[in-house]
Number of protein chains: 2
Amino acid sequence: MKNIGIDIGGTFIKAAIVESKGKIVLSSKTPTPKTGADIPQKVIEMIDDLLQKAGVNISEIKSVGIGVPGVCDTKKGTIVNCPNIEGCKNIAICDYVSEKFNVKAYIDNDANCAALGEYTVSDIKSDSFVFVTLGTGVGGGIILGGRLLRGINSAAGEVGHIVIKQDGERCNCGRRGCWERYASVTALVRQARAAGFTGHVSGRSIFADKAKGNKKADEVIKKWLEYVAEGICDMVNIFQPDEIVIGGGISREGDIILDPVKAFADKYSIKDTNSPRNTQIRISKLFNDAGVVGASFLYTQN
Amino acid sequence: MKNIGIDIGGTFIKAAIVESKGKIVLSSKTPTPKTGADIPQKVIEMIDDLLQKAGVNISEIKSVGIGVPGVCDTKKGTIVNCPNIEGCKNIAICDYVSEKFNVKAYIDNDANCAALGEYTVSDIKSDSFVFVTLGTGVGGGIILGGRLLRGINSAAGEVGHIVIKQDGERCNCGRRGCWERYASVTALVRQARAAGFTGHVSGRSIFADKAKGNKKADEVIKKWLEYVAEGICDMVNIFQPDEIVIGGGISREGDIILDPVKAFADKYSIKDTNSPRNTQIRISKLFNDAGVVGASFLYTQN
């Protein structure tokens, strides 16, 4: 049995037919419409197109899952508000899709979808699982006993907004010192600029400079990883999860990110010294596909 | 149906016969034996004594639940290690109790028991519930979907060891800047001494001084509550729980603690402005009885 995942982003919408173990059969990508009102129709077209190109009949599709970059109502199946897409408010997208194709449709926010994707393809059958994504901000998704932790208002998992530096830098959320303000890729770029980097600076460029032996880049990354590790260690102490996965495009840097974070958590987290079991920390397997793959598994949560 | 709760502390052991809604029928308290090996026999005596004094037959008792100030193995029913009680290691206390009385016996750490007690007597049927206890340290217990979050090694909920001030004061756990280092009652006392208080200083004495109009005490408490609020706000952002309960002896100060914490969380937590529902924050109802009452409800978790 196959499912379709849709990952609505601020710039692109991705769609994919996904097999039950997370393998993508066929995927596509198209620019996000300028206004939110045009999104449902665009999604319909993408699904029609995918089915046709893959030679898959809709009767083979169990469900459609939709991830959105904002607040949604998982029970009603509606987009409540995506602040980065104009006019993307109060859209009954699940009803629209399920009426059109006569399949069940589900919705959740993008970080929860990405968490669900990584959880599903993990080698570990985790009873508790934490996903942290490093990007423009720091997002998260938490899966306990196989269930996404949604909290009231489906708004749980705002792990980027725990404070690691009281009275620190002002965050967009209004508080000071949030983890996101120090450990996002946006923060890494800001830290690089503060250290003297000029011109085009991105997460990728800083890591590339480090790879070329640039000492300043090395120092900036080292300090940034201390911020990343501090919050990951908090996640270990709160959840003692079986697994923590670090995602987002920057996580492609792999062990350069993973090794110091693991070393920090190993040194500083609260452990039961009598037990050989500890939280496993790893890098994303799905990278940018986590959202679309996870969306296709939303049916498991409803 | 009644259950018996046992709350093993570093100084005293408390025992109580508890009704199904959390009402204590009869309770007792005795000094904790000097060595851990004597604890099982002491617990047996306390149970015998309680049953006799209350005129309750053991057949009316559904289970015995035991809370311990340290690490335990909830599956095996053993105390793994209580660092503050000499020789309190690897004790199969549940087997001992259940063989003696022919009832089921369960174990968990004290913070989880206290969380379970407060959860059970709450007016809100919370799907997600966070308990934070302010005392010598800052402890916590998390209940999601009616289940205690135990994590691997039954060690989840170490909420006192999230960092709110990176590179801050050294914590006993080895990290710097842990919430516990700033928001525990021990920290409040340290902060009061640093502000010039001398002689006998306790959480109670500082609040008493504030009540008498002492401005310095007022300032110390105000700053301490900012630390408390910072971590509570983190809990809101991570879990978006239905309810957060603040416990520990100091929580008897009530609204003096609660009001500024609620105001901070209301101002700074991530909220869905479309929803009227937000996390409810309240003070403990059970205070020092939370552990013994919660222990009596451990049967619901196994």
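Residues numbered from 1 in each chain as written. Chains lettered and ligands numbered in written order. Predicted model: local features only at pLDDT ≥ 70, side-chain atom pairs only at ≥ 80, totals over all residues.

(A) Examining the sheet that holds strand β7 (residues 89–91) of chain A more closely. All names here are of chain A. With antiparallel pairing, the three strands of this open sheet are ordered in space as β5-β6-β7. Looking along the sheet, the strands with just one partner apiece sit at the ends: β5 (71–73) and β7. If you compare each strand with its neighbour and ignore which way they point, the axes differ by 20° on average. Strand direction decides the pairing type here: β5 and strand β6 (residues 78–81), joined by three bridges, are antiparallel. Across the sheet, aspartate 73 pairs through a bridge with threonine 78, a residue of β6. (Pairing = 2+ DSSP bridges. Helix = DSSP H or I, 4+ residues; strand = E, 2+ residues; numbered from the N terminus. Axes fitted to C-alpha atoms, helices over the stretch in contact; angles between N-to-C directions.)

(B) Geometry of the relation of the copies chain B and chain A. The transform that puts chain B on chain A rotates by 180° and translates by 0.0 Å along the axis, for an RMSD of 0.0 Å. Taken together, the rotation and translation relating the two chain copies correspond to the operation of a two-fold axis. In this assembly, 100% of the residues forming the interface of chain B have copies in chain A that are likewise at the interface, indicating an isologous arrangement. (Least-squares fit on C-alpha atoms with pLDDT ≥ 70 in both. Contact = placed C-beta atoms within 7 Å.)

(C) Inspection of the environment of leucine 149 of chain B at higher detail. Its location among the elements puts leucine 149 of chain B in the loop between β11 (147–148) and α4 (180–183). Linking leucine 149 of chain B and asparagine 112 of chain B, residues 37 residues apart in sequence, is a C-alpha distance of 8.6 Å. In this structure, leucine 149 of chain B is in contact with Leu144 of chain A together with Ile142, Ile143, Leu144, Ala156 and Gly157 of chain B, ignoring residues within four places of it in sequence.

(D) View of the domain arrangement of chain A. Residues and elements named next belong to chain A. Taken domain by domain, chain A comprises domain 1 (2–115 + 290–301) and domain 2 (125–284). Taking only C-alpha atoms, the centre of domain 1 and the centre of domain 2 are 27 Å apart. At the junction of the two partners, domain 1 supplies ten residues and domain 2 supplies 14 residues. Contributing elements (two or more residues each) for the side of domain 1 that touches domain 2: β5 and α3 (110–120). Per element, the largest residue contribution to the side of domain 1 that touches domain 2 is four residues, and it comes from α3. (Domains from an automatic or database assignment.)

(E) Local environment of the pairing of strand β12 (residues 243–247) of chain B. Residues and elements named next belong to chain B. Most of β12 sits out of view: five of its five residues are buried. Of the two faces of β12, both are covered, the one formed by Glu243, Val245 and Gly247 as well as the one formed by Ile244 and Ile246. Two strands pair when backbone bridges link them, and strand β9 (residues 128–134) and β12 are joined in this way by five bridges, in the parallel orientation. The residue bridging valine 132 from the neighbouring strand is isoleucine 246, located in β12. (Buried ≥ 20, exposed ≤ 12 C-beta atoms within 10 Å, placed from the backbone.)

(F) Focus on helix α8 (residues 255–268) of chain A. Residues and elements named next belong to chain A. With 14 residues, α8 extends 19 Å from end C-alpha to end C-alpha; this agrees with the ideal 20 Å at 1.5 Å per step. For α8, the full list of buried residues reads Ile257, Val261, Phe264, Ala265 and Tyr268. Looking down the long axis of α8, one finds its buried residues gathered within 95° of arc, a one-sided arrangement. The exposed set on the far side of α8, more than 90 degrees from its buried face, consists of Asp255, Asp259, Ala263 and Lys267. (Expected span 1.5 Å × (residues − 1). Arc of directions from axis to C-beta.)

(G) Quick look at the nonpolar core. Membership of the largest hydrophobic core comes to 186 residues, with the highest contact counts inside it found for Ile66, Val132 and Ile232 of chain A together with Ile66, Val132 and Ile232 of chain B. Once you skip the residues sitting within four places of it in the chain, isoleucine 232 of chain A turns out to touch Val132, Ile244, Val261, Ala265 and Ile281 of chain A. (Core = buried A, V, L, I, M, F, W, Y, C linked by C-beta atoms within 7 Å.)

(H) Layout of the pairing of strand β12 (residues 243–247) of chain A. As paired strands, β12 of chain A and strand β13 (residues 280–283) of chain A are joined by four bridges and run parallel to one another. Bridged to glutamate 243 of chain A within β13 of chain A is glutamine 280 of chain A.

(I) The arrangement of α3 of chain A in detail. Of all eleven residues in α3 of chain A, ten are buried; the element is thus mostly enclosed. Along α3 of chain A, the residues classified as buried are Asp110, Ala111, Asn112, Cys113, Ala114, Ala115, Leu116, Gly117, Glu118 and Tyr119 of chain A.

(J) Just the sheet that holds strand β10 (residues 138–144) of chain A, in detail. All names here are of chain A. Pairing within the open sheet is mixed, and its five strands lie in the order β11-β10-β9-β12-β13. Both outer strands of the open sheet, β11 (147–148) and β13, are each paired with one neighbouring strand and no more. Against the sheet, helix α7 (residues 215–239) makes contact with β9 (128–134), β12 and β13, and its axis sits at roughly 160° relative to β9, the strand it touches most.

(K) Representation of the interface of chain B and chain A. With 37 residues of chain B at the interface, the matching set in chain A holds 37 residues. If you list the elements that add at least two residues to the side of chain B that touches chain A, you get β6 (78–81) and α7 (215–239) of chain B. A total of five residues in the side of chain B that touches chain A trace back to one element, the largest contributor, which is α7 of chain B. For the side of chain B that touches chain A, the per-class residue count stands at 17 nonpolar, twelve polar and eight charged. (Nonpolar A, V, L, I, M, F, W, Y, C, P; charged D, E, K, R; others polar.)

(L) Quick look at the packing of helix α5 (residues 185–194) of chain B against α7 of chain B. Residue and element names in this part refer to chain B. In contact at an axis separation of 10 Å, α5 and α7 are set at 140° when each is read in the N-to-C sense. Between α5 and α7, the angle is such that the two are oblique. Helix-helix and strand crossings are classified by hand; for α5 and α7 the assignment is right-handed. Judged by residue contacts, Leu188, Gln191 and Ala192 of α5 engage Val220, Lys223 and Trp224 from α7. Broken down by class, the residue content of the contact of α5 with α7 amounts to four nonpolar, one polar and one charged. (Parallel < 35°, antiparallel > 145°, perpendicular 65-115°, else oblique. Left-handed = near helix turned anticlockwise from the far one by under 90°.)

(M) Seen up close, the environment of glycine 139 of chain A. Residues and elements named next belong to chain A. As for its position among the elements, glycine 139 is in strand β10. Taking the C-alpha atoms as reference points, glycine 139 and alanine 111, separated by 28 residues in sequence, lie 6.1 Å from one another. Not counting residues up to four positions away in its chain, the partners in contact with glycine 139 are Ala111, Thr133 and Gly160.

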